[in-house]
Amino acid sequence: MLRIAFHPIYKHPLPEGHRFPMLKYDLLPKQLIYEGTCEETNFFEPEIPNDKHIVAVHDPEYFYDLLNIKIPPKEARKIGFPLTEDLVERERIIADGTMKASEFALQYGISMNIAGGTHHAYTNRGEAFCMLNDQAIGSRYLQSQGLAKKILIVDLDVHQGNGTAEIFKNDASVFTFSMHGASNYPFKKERSDLDIPLEKGTTDSTYLSILKKTLPKLIDAQRPDFIFYLCGVDVIETDKLGTLGLSLEGCKERDRFVLETCHRLQIPVQCSMGGGYSPDIKVIVDAHANTFRLTQGIYF
């Protein structure tokens, strides 16, 4: 059975006109149930996790400043959300969703988080709508529990996973792979274990050709026993914050290739949704829903 992390807190109220499409976290699970891709029983509700799993990745001083809403104003502005206790609680619950989903992935081959993909969160700071790095926390959680040794993070969001790269820069047990827009934020990139920057307007055929040449070789070389997949849909040409030129179908084919590769090689995979900022919320929801539709068809 496909298990999906979702909590009502994922849809956090924001000031009117804010550019982050928070509504998608409410619409996506409703759409999946409405169309019959999923049922209520597919969803599980994460909780606030034990802080030890968070400070295994994040600097304790930063984390406790975050908990107490004591982040300096200049640093808080980089996060992009008005900081509140509810927002921080949301971030902790998202991290728990990814940790629990990773365990379900070991059991069923794959598991998803409706939110997550907070890859701009560094060890000691947050930025760009990210405060706690859910897949980094999930990686450390699996390793601490003896459930995985070598982990591969496949980050196909249009933005480089700069926080993830920084967190694991001196750690050979977690391999970070980021394929992203060369001219996209962050404008000062970190160094992942493998970065593939793409030119503006990169089309379906070019994108998929590069991915298909890269991912199987990477898996063969690294031999991970677990994969975290960040499947942001901001690679689509209509995205307001992206520079690539993929079609909705091209984004779907990207997901199909990654998921079929993981399934064929029998490597458990946890998926976090990542970004998506097209002007039409229907496009964002449909692009994310494709990932779940494919998962049900490939795995179940």
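For the structure, check the block above.
Residues numbered from 1 in each chain as written. Predicted model: local features only at pLDDT ≥ 70, side-chain atom pairs only at ≥ 80, totals over all residues. Heavy atoms only, no water.

A. Spatial organisation of the sheet that holds strand β8 (residues 269–272). Pairing within the open sheet is parallel, and its eight strands lie in the order β2-β1-β3-β8-β7-β4-β5-β6. Whereas interior strands pair on both sides, the edge strands pair on one side only; in this sheet they are β2 (43–44) and β6 (194–198). When strand β1 (residues 4–5) meets strand β3 (residues 110–113), the two strands line up parallel, connected through two bridges. When the bridges of β3 are listed, I4 appears paired with M112. Packed on one face of the sheet, helix α6 (residues 134–144) meets β4 (151–155), β5 (174–181), β7 (226–230) and β8 and runs near 170° to β7. Of the strands in this sheet, β3, β7 and β8 are in contact with helix α9 (residues 248–265), which crosses β7 at around 170°. (Pairing = 2+ DSSP bridges. Helix = DSSP H or I, 4+ residues; strand = E, 2+ residues; numbered from the N terminus. Contact = heavy atoms within 4.5 Å. Axes fitted to C-alpha atoms, helices over the stretch in contact; angles between N-to-C directions.)

B. Structural detail: helix α3 (residues 60–67). Every buried residue belonging to α3 is among Y62, F63 and L66, and all of these are buried. Within α3, the buried residues cover an arc of 100° as seen down the axis, which keeps them to one side. On its buried face, α3 sits against α2 (51–55) and α5 (85–108). Two residues or fewer past α3, I69 is found with a positive phi of approximately 50°. (Buried < 20%, exposed > 50% of the residue type's maximum accessible area, 1.4 Å probe, protein only. Arc of directions from axis to C-beta.)

C. Summary view of the environment of V269. Following the sequence through the fold, V269 ends up in strand β8. By relative accessible area, V269 is classed as buried at 0%. Here the alpha-carbon distance between V269 and L152, two residues 117 residues apart in the chain, equals 9.5 Å. With residues up to four places along the chain from it excluded, the contact list for V269 reads A105, G109, I110, S111, F226, I227, Y229, C262 and Y299.

D. Local environment of the packing of α9 against helix α10 (residues 281–299). Viewed as axis vectors pointing N to C, α9 and α10 meet at an angle of 30°, and their least axial separation amounts to 9 Å. Considered as vectors, α9 and α10 are oriented roughly parallel to each other. Considering only the axes of α9 and α10, their crossing is right-handed. Contacts from L248, K252, D255, R256, L259, E260, C262 and H263 of α9 reach α10 at V283, D286, A287, N290, T291, L294, T295, I298 and Y299. Residue classes in the contact of α9 with α10 are distributed as eight nonpolar, four polar and five charged. (Parallel < 35°, antiparallel > 145°, perpendicular 65-115°, else oblique. Left-handed = near helix turned anticlockwise from the far one by under 90°. Nonpolar A, V, L, I, M, F, W, Y, C, P; charged D, E, K, R; others polar.)

E. Local environment of the side chain of T176. Relative to the elements of secondary structure, T176 occurs in strand β5. Ignoring sequence-local partners within four residues, the contact set of T176 consists of I153, T164, A165, F168, S192, D193 and L194.

F. Here's a closer look at the nonpolar core. Judged by nonpolar contacts, the single largest core of 93 residues is most densely connected at Y10, I114, F177 and Y207. Per-element tally for this core: the top contributor is α5, with nine residues. (Core = buried A, V, L, I, M, F, W, Y, C linked by side-chain atoms within 4.5 Å.)

G. Representation of the pattern of salt bridges. Applying the stated criterion across every chain yields a total of twelve salt bridges. Across the pair R92 and D51 runs a salt bridge whose closest N-O atoms are separated by 3.1 Å. Note that R92 is positioned in helix α5 and D51 in helix α2, a separation of 41 residues in sequence. R92 sits in the buried class, given a relative accessible area of 14%. (Salt bridge = Lys/Arg side-chain N within 4 Å of Asp/Glu carboxyl O.)

H. The arrangement of unusual backbone geometry in detail. Cis peptide bonds are those with omega within 30 degrees of zero, and the linkage from Y185 to P186 qualifies with -5°. In this structure, P186 sits in the loop between β5 and β6. Phi angles above zero are rare outside glycine, and A128 is one such case at about 50°. Following the sequence through the fold, A128 ends up in the loop between β3 and α6. Its identity as a non-glycine residue notwithstanding, F129 has a phi of 70°, on the positive side.

These values are about where atoms sit, not about what they do.
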